[in-house]
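# Structural overview for review
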Amino acid sequence: MAAIGDEDSITGLLLAGIGHIDSHQKKNFLVVDAKTPLSAVEDAFQEFCKRKDIAIILINQHIAEEIRTLIDEHDQAFPTILEIPSKDHPYDPEKDSVLKRVRRLFGE
């Protein structure tokens, strides 16, 4: 599992035990704040998608909106991308890429 999110979301996930740093000092999480360049978010997302040890990527929905093109281009079953709310940004099902795909599948 990997995570891309704001400090509060990542802290909660790390406290729940999903954090990992391998022997090459590669983390399975990225804390995004106002100073984080968009390129760093894109690079982390692409790296997480390539790693064989990651089956799920959790990403705050407001951050997913910033890299929506990359998320929409991702067409593999693994890793699965799940958009989650954050403390300051509520979840909007209309923006969720998984729900959009389900709606297309059922012709809605």
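Described below are features of the structure shown in this document. (Residues numbered from 1 in each chain as written. Predicted model: local features only at pLDDT ≥ 70, side-chain atom pairs only at ≥ 80, totals over all residues. Heavy atoms only, no water.)

### Focus: the overall build of the chain
Summing up its helical and strand segments, the chain has 5 helices and 4 strands in all. Helices (α) and strands (β) of the chain occur, in sequence order from the N terminus, as β-α-β-α-β-α-α-β-α. The C-alpha atoms of the chain give 14 Å as radius of gyration, which agrees with the globular expectation for 108 residues (13 Å, within 12%). A fraction of 60% describes how many contacts in the chain between residues 6 or more apart in sequence connect residues 24 or more apart. Of the roughly 6,800 Å² of accessible surface on the chain, 55% is carried by carbon and sulfur atoms. For the chain, the distance from the average position of its 13 positive side-chain charges to the average position of its 20 negative side-chain charges is 3 Å. (Helix = DSSP H or I, 4+ residues; strand = E, 2+ residues; numbered from the N terminus. Rg over C-alpha atoms; globule rule 2.2 N^0.38 Å. Contact = heavy atoms within 4.5 Å. Areas by Shrake-Rupley, 256 points an atom, 1.4 Å probe, with all protein chains shown as cover. Lys, Arg positive; Asp, Glu negative; His and termini not counted. Charge placed at Lys NZ, Arg CZ, Asp CG, Glu CD.)

### Concerning unusual backbone geometry
Cis geometry is found at the peptide bond from Phe78 to Pro79, where omega equals 0 degrees. Residue position: Pro79 is located in the loop between helix 4 (68-73) and strand 4 (80-84). Even without a glycine there, the phi angle at Gln25 is positive, about 65 degrees. Position of Gln25 relative to the elements: it lies in the loop between helix 1 (7-15) and strand 2 (29-31).

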